Amino acid sequence: MELVKKVFWETKAAKIQALAILAAFVFMMFIPSFSGAYPPLFLAWVMTYCTLSISWTFFSGKTGYISLATAAFYGLGMYLQAVIGREFPLGVTILLAALLAFGVGFGIGLITLRLRGIYFTIFTFGLALFLNRFFHWYEGVFTRTKGRFVKTFDNDMVFYAVLIVFIVTLVAILLMNKSRFGLSLTCIGQNEDSAQHIGVNTTLTKVLAFAISAAPAGAVGAAMISTVGYVDPDLAFRMLASFFPVLMAIFGGMFSTYGPIVGAVIFYVLQDYLLRTTNLYMVIFGTVMVVVVLVLPKGIFGLIDSMIAKKQRGYSGEVIGDV
Amino acid sequence: MSSFENILVGNGITKRFGGMTAVSNVSFDLRKGEILGLIGPNGAGKTTLFNCVSGFLKADEGTFTFEGKVINRFNPDKICHLGLGRTFQAAKNFPDMSMRENVRMGALFGQRDMTYAEAERLTDETIAFVGLEKYAGVAVPDMPLAMQKRIEVARALATKPKVIMLDEMMAGLNPAEVSEAMDLVRKVRDSGITVLMIEHVMKAIMSICDRIIVLHHGELIAEGPPQEIANNPHVIEVYLGGEV
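These numbers come from a predicted model, not from an experiment.

**Student:** Describe the overall build of chain A, naming the residues involved and giving the relevant values.
**Tutor:** Across its full length, chain A carries 15 helices and two strands. Dimensions of chain A along its principal axes, counting C-alpha atoms only, are 65 × 50 × 45 Å. In chain A, which comprises 323 residues, the proportion classed as buried is 52%. In chain A, 80% of the contacts between residues at least 6 apart in sequence involve partners at least 24 apart. As displayed, chain A has an accessible area near 14,800 Å², and 72% of this comes from carbon and sulfur atoms. Positive and negative charge centroids in chain A, built from 22 and 14 side chains respectively, lie 3 Å apart.

**Student:** Lay out a nonpolar patch on the surface with the relevant residues and their values.
**Tutor:** Residue and element names in this part refer to chain A. A contiguous nonpolar patch, built from Leu19, Leu22, Val26, Phe27, Met29, Phe30 and Phe34 and spanning about 730 Å² of accessible area, is present on the exposed surface. Checked against the element boundaries, Met29 lands in helix H2 (residues 12-34). Among the residues examined, Met29 registers a relative accessible area of 31% and is labelled partly exposed.

**Student:** Summarise unusual backbone geometry; cite the residues concerned and give the values.
**Tutor:** Residue and element names in this part refer to chain B. Phi is positive for Lys160, close to 55 degrees, though the residue is something other than glycine. Counting through the fold element by element, Lys160 comes out in the loop between helix H5 (145-158) and strand E7 (163-167). You can call Lys160 partly exposed: its relative accessible area is 44%. For Glu168, which is not glycine, the phi torsion reads 45 degrees and is therefore positive. Position of Glu168 among the secondary structure elements: in the loop between E7 and helix H6 (175-190). The class of Glu168 is buried, set by a relative accessible area of 8%.

**Student:** Could you give an account of the sheet that holds strand E6 (residues 84-86) of chain B, with specific residues and numbers?
**Tutor:** All names here are of chain B. Spatially, six strands are ordered E6-E7-E8-E3-E9-E10 in an open sheet, and the strand pairing comes out mixed. Strands at the two margins of the open sheet, each flanked by one partner only, are E6 and strand E10 (219-224). When the angles between neighbouring strand axes are averaged without regard to direction, this sheet yields 20 degrees. Relative to E7, E6 is paired through three bridges, and the arrangement is parallel. For Gly85, the partnering residue across the bridge sits in E7 and is Ile164. Across the sheet, helix H1 (residues 46-54) is in contact with strand E3 (35-39), E6, E7, strand E8 (194-198) and strand E9 (211-216); its angle to E7 comes to roughly 150 degrees. Packed onto the sheet, H6 meets E3, E7 and E8 and runs at close to 150 degrees relative to E8.

**Student:** A description of the packing of H2 of chain A against helix H7 (residues 155-178) of chain A should follow, citing residues and the corresponding values.
**Tutor:** Residues and elements named next belong to chain A. Two elements in contact, H2 and H7, have axes whose closest approach is 10 Å; the angle formed by their N-to-C orientations is 175 degrees. When the axis of H2 is compared with that of H7, the two are roughly antiparallel. Contacts from Gln17, Ile21, Phe25, Met28, Met29, Ile31 and Pro32 of H2 reach H7 at Asp156, Phe159, Tyr160, Leu163, Ile164, Ile167, Leu170, Val171 and Leu174.

**Student:** Please provide a residue-by-residue account of the domain arrangement of chain B, values included.
**Tutor:** Residues and elements named next belong to chain B. The domain architecture assigned to chain B consists of domain 1 (1-82 + 165-174 + 194-244) and domain 2 (84-160). The C-alpha centroid of domain 2 is placed 24 Å from the C-alpha centroid of domain 1. On the domain 2 side, the residues contacting the 22 residues of domain 1 number 15 residues. Each partner contributes to the roughly 1,600 Å² buried at the junction of domain 1 and domain 2, and carbon and sulfur atoms together form 55% of this total. Inspection of the domain 1/domain 2 interface yields one salt bridge. Note that Arg86 is salt-bridged to Asp167, the shortest N-O span being 3.8 Å. Counting the contacts that link domain 1 with domain 2 gives twelve residue pairs in polar contact (both at pLDDT 80 or more). Contributions of two or more residues to the side of domain 1 that touches domain 2 are made by H1, helix H2 (76-82) and E7.

**Student:** Quick one: what's the story with the environment of Leu131 of chain A, residue by residue and with numbers?
**Tutor:** Residues and elements named next belong to chain A. Along the chain, Leu131 falls in helix H6 (residues 118-143). Considering only alpha carbons, one finds Leu131 and Leu80, 51 residues apart in sequence, at a separation of 13 Å. Excluding residues that lie within four positions of it along the chain, Leu131 makes contacts with Ala72, Leu76 and Phe237.

**Student:** Lay out the interface of chain B and chain A in plain terms, naming residues and giving numbers.
**Tutor:** On the chain A side, the residues contacting the 28 residues of chain B number 24 residues. With both sides pooled, the region where chain B packs onto chain A buries about 2,300 Å², and carbon together with sulfur makes up 59% of that total. On the chain B side of the contact with chain A, Phe94, Phe109 and Tyr116 of chain B bury the most area, a combined 29% of that side's loss. The interface formed by chain B and chain A contains one salt bridge. A salt bridge links Lys92 of chain B to Asp193 of chain A, with the nearest nitrogen and oxygen atoms 2.6 Å apart.

**Student:** So what's going on with the packing of H5 of chain B against H6 of chain B? Which residues, and what values?
**Tutor:** Residue and element names in this part refer to chain B. H6 packs onto H5 with a crossing angle of 10 degrees between their chain directions and a minimal axis gap of 11 Å. Here H5 is positioned roughly parallel relative to H6, judged by the angle of their axes. On H6, the residues that touch Ala146, Met147, Arg150, Val153 and Leu157 of H5 are Glu177, Glu180, Ala181, Leu184 and Val188. Considered class by class, the residues forming the contact of H5 with H6 number seven nonpolar, no polar and three charged.

**Student:** Summarise helix H8 (residues 180-190) of chain A; cite the residues concerned and give the values.
**Tutor:** Counted residue by residue, H8 of chain A has nine buried out of eleven residues, so it is predominantly covered. If you check which residues of H8 of chain A are buried, you get Phe181, Gly182, Leu183, Ser184, Leu185, Thr186, Cys187, Ile188 and Gln190 of chain A. Considering only its buried residues, H8 of chain A is in contact with helix H3 (38-63), H7, helix H9 (192-197) and helix H10 (202-228) of chain A together with helix H3 (99-110) of chain B.

**Student:** Can you break down the nonpolar core residue by residue, with the values?
**Tutor:** Met99, Leu132, Ile164, Met170, Val185 and Met197 of chain B are the most contacted members of the largest nonpolar core, which has 141 residues in total. With 13 residues, the single largest contributor to this core is H7 of chain A. Residue assignment places this core across two domains, with domain 1 (1-82 + 165-174 + 194-244) and domain 2 (84-160) of chain B each supplying three or more. With near-sequence residues (within four places) excluded, Met99 of chain B lies in contact with Ile127, Leu132, Tyr135, Ala136, Val138, Val140, Met143 and Ile151 of chain B.

Reading guide: rules and limits
- Residues numbered from 1 in each chain as written.
- Chains lettered and ligands numbered in written order.
- Predicted model: local features only at pLDDT ≥ 70, side-chain atom pairs only at ≥ 80, totals over all residues.
- Heavy atoms only, no water.
- Helix = DSSP H or I, 4+ residues; strand = E, 2+ residues; numbered from the N terminus.
- Buried < 20%, exposed > 50% of the residue type's maximum accessible area, 1.4 Å probe, protein only.
- Contact = heavy atoms within 4.5 Å.
- Areas by Shrake-Rupley, 256 points an atom, 1.4 Å probe, with all protein chains shown as cover.
- Lys, Arg positive; Asp, Glu negative; His and termini not counted.
- Charge placed at Lys NZ, Arg CZ, Asp CG, Glu CD.
- Patch = residues over 30% accessible without salt bridge, like charges linked within 9 Å, V, L, I, M, F, W, Y side chains within 5 Å.
- Salt bridge = Lys/Arg side-chain N within 4 Å of Asp/Glu carboxyl O.
- Pairing = 2+ DSSP bridges.
- Axes fitted to C-alpha atoms, helices over the stretch in contact; angles between N-to-C directions.
- Parallel < 35°, antiparallel > 145°, perpendicular 65-115°, else oblique.
- Domains from an automatic or database assignment.
- Buried area = accessible area lost by both parts, 1.4 Å probe.
- Polar contact = N/O pair within 3.5 Å; in protein donor to acceptor, adjacent residues only side chain to side chain.
- Nonpolar A, V, L, I, M, F, W, Y, C, P; charged D, E, K, R; others polar.
- Core = buried A, V, L, I, M, F, W, Y, C linked by side-chain atoms within 4.5 Å.

The following block contains the structure:
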C-alpha cells in the first residue's frame, strides 16, 4: 500500500502518471464500440509488442543479462492455448499461460543464472530453438500432425484481454521498479558483486525477476494466437519474437519503463506500414535501426527525456534510482 | 566455541585455484574492537583470504567462526546480514546511481526488516559520519578516487556491520588523503566496529593497527604488534626486501 501511494499518489508526477494510465485504459475500453473491426486487432498487436518489450526490459534492461528467451515463453503460451483453449474461458487460459511461463522461467533461471554475460544470452537463445525442435519432434512422432488448430475468439474480446494483460503488466512493473525488489535488480545490473556484499540475495532475485518477466509473454502468446486460429512450432517459436523486444527497447530507450512502449508502438506501426506498402521492409527498417543506435544511444525516449531535463535542470543527464 | 573477545576466528584456512595454493593453512583471530592489519607482498593471498571470509569464495579447508557461528558455507548476502561488511580493492560502486543512492542501497539491503524511513535516516547519518555530504549531487564516476573509496566504506557501514573489512582503502591516494582515510578508520573503530584491513601503505598500517598479521605465499609468517612486525627479520626479508 505504501508502495502504491509512492508510485501513483505522493508527488505531482506520480498523480499525473496514475491519471494518464487510467485515462488511457478507459479510453481504450471504448475503442471497439466506435471503431471498425480492424483497429482493435491492430491495437492488440501493438499492445502485445509493448507487453513483450516492457517485460523484457524489466529483467534484461535492469540487470544487463540479455535474454533471448522471449520467443520460448511467448510460444509456450500459444501452444497452451492450442491444447487447452477449448476447455477453458480465454481469461483462464491466459492466466494459466502466464503461470506456465513463470514456472518454466523459474526453472530455466535456476539452471542458467549462474551463467554470466554472453553465456546466459546464448543459452536463452538456444531455449527457443530447442522448443521449436522439440515440438517438431513431438508432433512428428506422437501426434503425427504439423501444427494445431486453435479455438478463435472474437477480436474485440482478445483486444480486451490483451489490454488487461498490458495494463496489469505495466502497473506491476511500475510498482516493482520502486520496490525493494526492483532496486535490488538495479543494484545487480550496476555491480553484482557489490549488490551481493550489501545483502542482496542475487541468485533468488535474478531467478524470480526472470520468471516474472516471462509470465506476460506467455499471457499475450495465449491471447494473440486465438486471433490466428492455427499454431505450429515455426510460428510459435520463431527467433524474431526474441529479437523484437530487444530492438524495441533499444529503439525506444531502455532506462525508463515508457521507452520500450514508445519503441514498440513506433516499431509496430512502422512495420505494419512498410509491410503493406513496400517490399523493402527489412532494408528500410534495418537502416532506421542503425541510425537510431548510432545517433540516439538512449533511444527515442532518451532524447525526449534529456530535452526535458535540459529545460528543467539546465543540464542533461539523469541519475537513476531516486528520480 | 571461540573465546569471548574473538569476534572472528579463522582456523586452518586453505584455498586452492587449480594447482596453485593461494591461501595455505592460515589461522588468525580478530579481537573485538581492534584494528587488525593484514599485510604481505603482492600475490600473498590477502584478497583471497578476504574473499573467503566474505563468502565471495568458499575456502577448501578450514573454518571461519563469526561470533561463535561457523560461516564457511554462507553466501555473501547472508554473511553481510550477520554483520560482516567489506569493501573491494578496486571500488565497486553503482556507477549510474548518485552517491546518496549508493549509500542508501547499503542501508536498505544490509539488514533484514529495514523500513524505507529508517533507511533514509541511516543513509544521512552514514554520509555525515564519513564526511561525504558535499558530494551528494555529483555523479559517482566523476568523483576523486579517494571519495569513490569512501563511498564503498559508507555503503558497507550503512549495512551496520560489527566487523568491517577494508581492502586497500588507501592505495593510490595522496598523502593528505591517506591521513584523512586513517582518521576515518580510527573513527570507525571508535564507533565500536572491529576493523580488518589489507594495506600497503606502511605509514598507515604501522600507526593505526593494534596488531598485524603477515601473509607470504599464502602462509601466515608473523603476527604481532606493529613494532614487533617492523623488526621481525623474516618479515623484513620477504616483505620489505631488507631495505628498512
